[in-house]
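Understanding the architecture of this molecule
In case you want the letters, here they are:
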Amino acid sequence: MAEEVKLYGTWSSPFSRRIELALKLKGVPFEYIEEDLSNKSPELLKYNPVHKKIPVLVHNSKPIAESQVILEYIDEIWNNNPILPQDPYQRAMARFWGKFIDEKALATRMKANFAEGKERELVTEEFFQQMKFLENELNGKDFFGGETIGFVDIVAIVVAIWFPLTQEVLGVETFTEEKFPVLFKWIRKITEIDVVNECRPPREKHLAYVKARIEGLKSASK
């Protein structure tokens, strides 16, 4: 009997895109269900009643929520092409850096998008330090996972694709190759991989979406 694998996500979300990437790296067939977050489906609310958010992976009728939890689940269920290291210490470090990206770097980047004056200077400096931490972790390796894409690389797709695009929309240059040569070398390598590009949003559609979203958030804050 064929396995049931469904992914509830949104085309513009780095969190559901990372699950799509992990499944494709593993060669796992799955059904993708696009969610309208302004009108969430009964299935999404049923499968994730606590957070009511995407992504949700449904495997043989069992739902799993939260993207990094889903990534670990995928790696445990499908053992081929492992994305987490076998060594317990290295696994712990991968979890640490994954959490760092989502809870620190992404949050700081979002704050920097709308900060002004002195606050922007402080937040930009905080972002700079966080990106340097990532560079130090990556330095000397092709990928965070070593010679191949791993857990941290998959989580960090938001840095490779979403950060530069948001910066382009805002017309700022805080995240540049001059400042972060190691990260930009990694970005070039990871975006040369076909399966990664299959999982990135269409550029023009994504630009228009991010621009509209930022303008909407700015209007709402006035």
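Residues numbered from 1 in each chain as written. Predicted model: local features only at pLDDT ≥ 70, side-chain atom pairs only at ≥ 80, totals over all residues. Heavy atoms only, no water.

The name that an unreviewed UniProt entry assigns to the chain is glutathione transferase, with the source organism given as Citrus sinensis. Word for word, the UniProt comment on the chain under Catalytic activity (unreviewed entry) is "RX + glutathione = an S-substituted glutathione + a halide anion + H(+)". (UniProt positions renumbered as here; feature names shortened; annotations may be inferred.)

A few words on the overall build of the chain. What the chain contains, in helices and strands, is 10 helices and 4 strands. Each helix (α) and strand (β) of the chain, taken in turn from the N terminus, gives the series β-α-β-α-β-β-α-α-α-α-α-α-α-α. Across its three principal directions, the C-alpha atoms of the chain cover 60 × 45 × 30 Å. Expressed as a percentage of the 222 residues in the chain, the buried residues total 45%. Contacts in the chain between residues far apart in sequence, at least 24 positions, make up 68% of those at least 6 positions apart. In the structure as shown, the chain presents an accessible area of about 12,000 Å², 53% of it carried by carbon and sulfur atoms. Looking at the chain, you have 31 positive and 34 negative side-chain charges, and the mean spots of the two groups are 3 Å apart. (Helix = DSSP H or I, 4+ residues; strand = E, 2+ residues; numbered from the N terminus. Buried < 20%, exposed > 50% of the residue type's maximum accessible area, 1.4 Å probe, protein only. Contact = heavy atoms within 4.5 Å. Areas by Shrake-Rupley, 256 points an atom, 1.4 Å probe, with all protein chains shown as cover. Lys, Arg positive; Asp, Glu negative; His and termini not counted. Charge placed at Lys NZ, Arg CZ, Asp CG, Glu CD.)

In this section: the pattern of salt bridges. Evaluation of the coordinates by the stated rule reveals 14 salt bridges. The shortest N-O distance in the salt bridge between E121 and K118 comes to 3.8 Å. Of this pair, E121 and K118 are both found in helix α5 (residues 117-138), 3 residues apart, which corresponds to roughly one turn of the helix. Residue classification places K118 among the exposed residues on the basis of a relative accessible area of 57%. A salt bridge links D142 to K189, with the nearest nitrogen and oxygen atoms 3.9 Å apart. One end of the pair, D142, is in the loop between α5 and α6 (151-155); the other, K189, is in helix α8 (residues 181-190), with 47 residues separating them in the sequence. (Salt bridge = Lys/Arg side-chain N within 4 Å of Asp/Glu carboxyl O.)

Before going further, it helps to spend a moment on the pairing of strand β4 (residues 62-65). Of the pairings in the sheet, the one linking strand β3 (residues 56-59) to β4 comprises 4 bridges and is antiparallel in character. When the sheet's bridge partners are listed, V58 is paired in β4 with P63. Hairpin connection between β3 and β4: a loop of 2 residues separates the two successive antiparallel strands, and N60 in this loop has a positive phi of roughly 50°. (Pairing = 2+ DSSP bridges.)

Let's shift gears to the domain arrangement of the chain. We note that the domain assignment places domain 1 (5-77) and domain 2 (88-221) within the chain. Domain 1 and domain 2 are separated by 21 Å when their C-alpha centres are compared. At the junction of the two partners, domain 1 supplies 17 residues and domain 2 supplies 23 residues. Both faces combined, the contact of domain 1 with domain 2 buries some 1,800 Å², and carbon together with sulfur accounts for 67% of it. (Domains from an automatic or database assignment. Buried area = accessible area lost by both parts, 1.4 Å probe.)

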